[in-house]
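# Survey of secondary and tertiary structure
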Amino acid sequence: MKLLHWTRRFSRRGFLTRSAATAAAVAASRGAVLARAQEGGPRSLRTEEVRTLVRFTRDLFPHDRLDDSFYQRAVQPLDEEAAKDGATLELLALGVSRLNEWAQLGGGKAYADVEDESKRVALIQRLQLDPSAPADFFHKVYNTTIVSLYNQPEVWPRFGYEGPSSAEGGYLHRGFDDLHWL
Amino acid sequence: MPAKFDLNDSSVVVIIGSGAGGGTLANELAQKGISSVVLEAGKRIEISDFRNDEDAMFGLFTWLDPRTASGSWYVAQTSPDLPAWICKLVGGTTVHWGACALRFQEHEFKTRTRYGSVTGANLLDWPIELKAMEPYYDRAELKMGVTGTHGIPRLPVSNHGKVLFAGAKKMGYTQFMTTNMAINSVPRDGRAQCQQTGFCIQGCTFAAKWSTLYTELPRAEATGRTEVRPESQVLHIEHDNSGKVTGVVYADRTSAISRQRARLVAVAGNAIETPRLLLNSSSSLFPQGLANSSGQVGKNYMRHMTSTVFAIFDRPVHMYRGTAQSGIVMDEARLDTQRGFVGGYQMELLPQGLPSFAQNIVPNAWGRDRASIIDNYANIAGVWLIGEDLPRETNRITLHSSRKDQYGLPIPNVHSDDHPNDLVMQRHAVGQAEALYQSIGAKRTVFRPPFPSTHNMGTARMSDNPRDGVVNRWGQAHDVKNLFVSDGSQFTSSGGENPTLTIVALAIRQAEYIADQMSRSAL
């Protein structure tokens, strides 16, 4: 059968972005970001912008069982791409500033500091509808982080998923038929 | 050892594609002493390249060349540039298939006779009946080692299967079992038995699952009569003034263009690329596309009625453990128009690993409700509903009017509108699946509309009549004697069963016919 990715508009570039979500690639890109910043090249995302994206990603995929470190790793591919690609940086920065602008107007706080989840949810709903929001921001963050969040092997045991099995001989002797509650 | 043929050797059969159809045909011909060159667009990888990693394997072997989709079907809305999930590598989609190996039923070969005239459908009986197919189904099952046939034991029941079968029993169903699978339940044919890894779709690391990559193709090569050329994408099929095909033009990995001459060409590129190639091979002699005097090339595209129902329980299931799709309920596969539709459907296990489940469960949704489904991942079971969809002339593969691929050829567009019969069947199937899981205490069920199609059929269909079909009962083009179609494009109806076993059976049968015709110098 058929599983991955078909819910997203597919592009080769999109796939490359997703495949870059490995720890090694992320680590390497962080080095690149720092190097470019020191050279005075295009800026990368600001810490405050990353903090907003982490909060936003958690609001899209809110799992109380996952601490923020998982969401931080999930937004790293965005950070990495923004460091390399000015258009992505602009898109993300604009989306974040729009969210913060609306949040400030509504309660005098930045998006990431709004404590009431339902208020943040309302801001995301507005983001999807309001023509003044950058049209691709939501999809960019959604399509990237839905992969980079759930593809972290460290996430899997938190949901009871055991991951690769071939190296352990499959599940033949490890519980493929151990269900007895029926 | 693998053969090496000269580009100007016009005695060879050229086979385009190395999956269930092309790979099987190559080996069957080789065993009969017939030489072939297999041109495969994708790379050659080995079993050692398989990883238990959904994302990585998707990237490694999916056919990602540009395509577009249109029409009312769900996939055109949610995945317009990936309408089908099929593979581009040596072995084709047999590397990734779930290995459910079911025969079509008697009535599914006679849809026009048995269903009557259905408005908006282009029904036609196959020019062959189940009875004529049975010896070839036997041979396909023995070749592939299909469990539950010919004394080959069935696979054991997984947790996921136990849940499905408990619900089936409550529903009063009687035909449920681990599926007829082309996966070894015991060591057989030089391959290991299934280790219940759960990663069938990502390539079987134990080679317990039949795939042409490590069965048919190496065996064909061992005869010294078959050459497999990976990364060789065919662009055109050429013909002479008499209308016989003479060879193919293809691009290799460096995009260098070569011309392989041929005595006969067999096209097995799956039901999107096969008609695309025929349409892209139009000429002054064949202005509508090669072998298309009927106008049916690309039409009658079928992809099965599909949907998935997942169910959340309050205790663990661990659906990802074990042979992915080994579990089936067949009671709804019968023809019974009292249900409000023609044709029938199968209910087959469909587990997903956490990453793909989380990414696909509710497309484009976000927030607490969606997250709560994923939070229950360990307690979830899922069943895939796959039923017959009806051929329609307007459901078709066409050449895109403006977009071109890297070789300057028009990319394919896949157009499909659901027939009302498909939608009635879908509602019935989803309702039955929900009731099945609720009958054993599911807390919640989640409906998942169709994924991109892995079953693609009908776009160069069989008919005895050259006016309403592209190929005859042997898969031989009506218009071009030495051109064959060897994949699911030949199907006159889709049946309610996974297509691979029928593709393999047809390839075995076609090889016999080709060998016979060659021995009489008729080809």
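Once that is clear, we can look at the overall build of chain B. The helix and strand inventory of chain B stands at 12 helices and 17 strands. Computed over the C-alpha atoms, the radius of gyration of chain B is 22 Å, within 12% of the 24 Å expected from 2.2 N^0.38 for a compact globule of 523 residues. Seen through its C-alpha atoms, chain B measures out along the principal axes to roughly 70 × 50 × 45 Å. Scored against the burial criterion, the 523 residues of chain B give a buried share of 60%. Put simply, of all contacts in chain B between residues at least 6 apart along the chain, 75% involve residues at least 24 apart.

It is worth spelling out the overall build of chain A at this point. The secondary structure content of chain A amounts to 7 helices and 0 strands. Taken from the N to the C terminus, the helices and strands of chain A come in the order α-α-α-α-α-α-α. Taken across its 182 residues, chain A has 42% of its residues classed as buried. Nonlocal contacts in chain A, meaning residues at least 24 apart in sequence, comprise 68% of its contacts between residues at least 6 apart.

In this section: the sheet that holds strand β6 (residues 233-239) of chain B. All names here are of chain B. Reading across the sheet, the 3 strands line up as β6-β7-β8 and stay open at both edges, with antiparallel pairing between neighbours. Of all the strands in the sheet, the pair left with one neighbour each is β6 and β8 (257-261). Here the strands of the sheet are splayed against their neighbours by 25 degrees on average, with no regard to which way each runs. Two elements, β6 and strand β7 (residues 245-251), share 6 bridges in a ladder whose sense is antiparallel. When the sheet's bridge partners are listed, Gln233 is paired in β7 with Ala251.

The subject of this paragraph is the packing of helix α4 (residues 68-84) of chain A against helix α5 (residues 86-107) of chain A. Residue and element names in this part refer to chain A. Where α4 contacts α5, the two axes come as close as 5 Å, and the packing angle between them is 125 degrees. Comparing their axes, α5 and α4 come out oblique. As α4 runs across α5, the sense of the crossing is left-handed. Contact with α4, carried on its side by Leu78, Glu81 and Ala82, involves Thr88, Leu89 and Leu92 of α5 and no other residues of that element.

Further remarks concern the sheet that holds strand β14 (residues 396-404) of chain B. Residues and elements named next belong to chain B. Read from one edge of the open sheet, 3 strands run β3-β15-β14, paired in mixed fashion. Whereas interior strands pair on both sides, the edge strands pair on one side only; in this sheet they are β3 (68-70) and β14. Going across the sheet, the axis of each strand differs from the next one's by a mean of 35 degrees, ignoring polarity. Of the strand pairs in this sheet, β3 and strand β15 (residues 410-415) are connected by 3 bridges, and their pairing is parallel. Residue pairing in the sheet places Thr68 in a bridge with Asn413 of β15. Along the sheet face, helix α8 (residues 270-280) touches β14 and β15 and points at about 65 degrees away from the line of β14.

Glancing now at the interface of chain B and chain A. Between chain B and chain A, the contact holds 61 residues from the first and 42 residues from the second. For the side of chain B that touches chain A, the secondary structure elements donating two or more residues are α2 (54-61), α3 (74-78), α6 (159-170), α9 (354-360) and α10 (368-375) of chain B. Top contributing element to the side of chain B that touches chain A by residue count: α9 of chain B, with 6 residues. Its residues placed into classes, the side of chain B that touches chain A shows 29 nonpolar, 23 polar and 9 charged.

Here the focus is the environment of Thr394 of chain B. Considering the arrangement of structural elements, one finds Thr394 of chain B in the loop between β13 (380-387) and β14. Spatially, the C-alpha atom of Thr394 of chain B lies 9.5 Å from that of Gly298 of chain B, the residues being 96 residues apart in sequence.

Moving on: the environment of Ser284 of chain B. All names here are of chain B. Position of Ser284 among the secondary structure elements: in the loop between α8 and β10 (305-312). For Ser284, a count of 5 C-beta atoms within 10 Å corresponds to the exposed category. Put simply, Ser284 and Asn241 are 43 residues apart on the chain and 10.0 Å apart in space, counted from C-alpha to C-alpha.

What follows covers helix α12 (residues 500-519) of chain B. Residue and element names in this part refer to chain B. The first and last C-alpha atoms of α12 sit 29 Å apart over 20 residues, in line with the 28 Å expected at 1.5 Å per residue. Of all the positions in α12, only Thr500, Leu501, Thr502, Ile503, Val504, Ala505, Leu506, Ala507, Arg509, Gln510, Ala511 and Ile514 are classed as buried. Structurally, α12 contributes buried residues whose contacts are with α1 (20-31), α5 (130-144), β9 (264-267) and β17 (483-485). Positive phi shows up at Ser521, right after α12, with a value of about 60 degrees.

Val14, Ile16, Val265 and Ala266 of chain B are the most contacted members of the largest nonpolar core, which has 107 residues in total. When residues of this core are assigned to their parent elements, the largest contribution, 8 residues, is made by α12 of chain B. Residues in contact with Val14 of chain B, not counting those within four places in the same chain, are Ser36, Val37, Leu39, Gly247, Val248, Gln260, Ala262 and Val265 of chain B. Core analysis: the next-biggest nonpolar cluster, separate from the first, contains 84 residues, Leu89, Leu99 and Tyr161 of chain A together with Ala166 of chain B among them.

With that out of the way, let us pick up α5 of chain B. Residues and elements named next belong to chain B. Here α5 is 15 residues long and its end C-alpha atoms lie 19 Å apart, about the 21 Å a rise of 1.5 Å per residue gives. By the largest-angle criterion, Tyr136 marks the main kink of α5, which is about 30 degrees. Along α5, the positions that sit buried rather than exposed are Met133, Tyr136, Tyr137, Ala140, Glu141 and Met144. Against the buried residues of α5 lie α12.

With 77% of its residues at a pLDDT of 70 or more, chain A has an overall mean of 83. Long-range and interchain partners of residues 1-41 of chain A, a stretch whose pLDDT sits below 50, account for 76 contacts in this model, where long-range means more than four residues apart.

Turning next to the pairing of β15 of chain B. Residues and elements named next belong to chain B. Relative to β15, β14 runs antiparallel, the two being bridged by 5 bridges. In the sheet register, Thr398 faces β15, and the bridge partner there is Asn413. Here β14 hands over to β15 after 5 residues, with Gly408 in that stretch at a positive phi of 80 degrees.

Residues and elements named next belong to chain B. Not every positive phi belongs to a glycine, and Asp189 is a case in point at roughly 60 degrees. Topologically, Asp189 is positioned in the loop between β4 (176-177) and α7 (216-222). Look at Asp189 and you get exposed, because 12 C-beta atoms sit within 10 Å. With phi around 55 degrees, His318 is a residue other than glycine that occupies positive phi space. For His318, the location among the structural elements is in the loop between β10 and β11 (328-329). Overall, the presence of 24 C-beta atoms within 10 Å leaves His318 in the buried class.

Residue and element names in this part refer to chain A. Here helix α3 (residues 47-60) crosses α5 at 75 degrees, and the two axes come no closer than 10 Å. Judged by the angle between their axes, α3 and α5 are roughly perpendicular. Where α3 approaches α5, its residues Glu49, Thr52, Leu53 and Phe56 are matched on the opposing element by Leu92, Ala93, Val96, Leu99 and Asn100. Looking at the contact of α3 with α5 residue by residue, the class counts come to 6 nonpolar, 2 polar and 1 charged.

Criteria and thresholds
Every residue gets a number counted from 1 within its own chain, in the order that chain's sequence is written. Each chain takes a letter, starting from A, and each ligand takes a number, starting from 1, following the order in which they are written. Where totals are concerned, whole chains, interfaces and linings use all residues; where local detail is concerned, this predicted model gives features only for residues with pLDDT of at least 70, and gives and counts side-chain atom pairs only at 80 or more. Helix and strand assignments follow DSSP, with helices taken as H or I runs no shorter than four residues and strands as E runs no shorter than two, numbered in order from the N terminus. Throughout, the radius of gyration refers to the C-alpha atoms, and the reference size of a globule is 2.2 Å times the residue count to the power 0.38. Whether a residue is buried, exposed or partly exposed follows from its count of other C-beta atoms within 10 Å of its own C-beta, namely 20 or more, 12 or fewer, or something in between, respectively; the C-beta atoms are built from the backbone. We call two residues in contact when their backbone-placed C-beta atoms lie within 7 Å. At least two DSSP bridges between two strands are required for those strands to pair. Working convention: axes come from line fits to C-alpha atoms, limited for helices to the stretch in contact. Angles between N-to-C directions cover 0 to 180 degrees. Roughly parallel here means an angle under 35 degrees, roughly antiparallel means over 145, roughly perpendicular means 65 to 115, and every remaining angle is called oblique. The sense of a crossing depends on the near helix, which, turned anticlockwise from the far helix by less than a right angle, makes the crossing left-handed and, turned clockwise, makes it right-handed. Following the grouping adopted for this structure description, the nonpolar residues are Ala, Val, Leu, Ile, Met, Phe, Trp, Tyr, Cys and Pro, the charged ones are Asp, Glu, Lys and Arg, and the polar ones are all others, Gly among them. By this rule the span expected of a helix is its residue count minus one, scaled by 1.5 Å. To count as a nonpolar core, a set of buried Ala, Val, Leu, Ile, Met, Phe, Trp, Tyr and Cys residues must be joined through C-beta atoms within 7 Å. We define the bend at any residue as the angle between the axes fitted to the seven residues before and including it, ending there, and the seven starting there. pLDDT gives the predictor's per-residue confidence on a scale running from 0 to 100.

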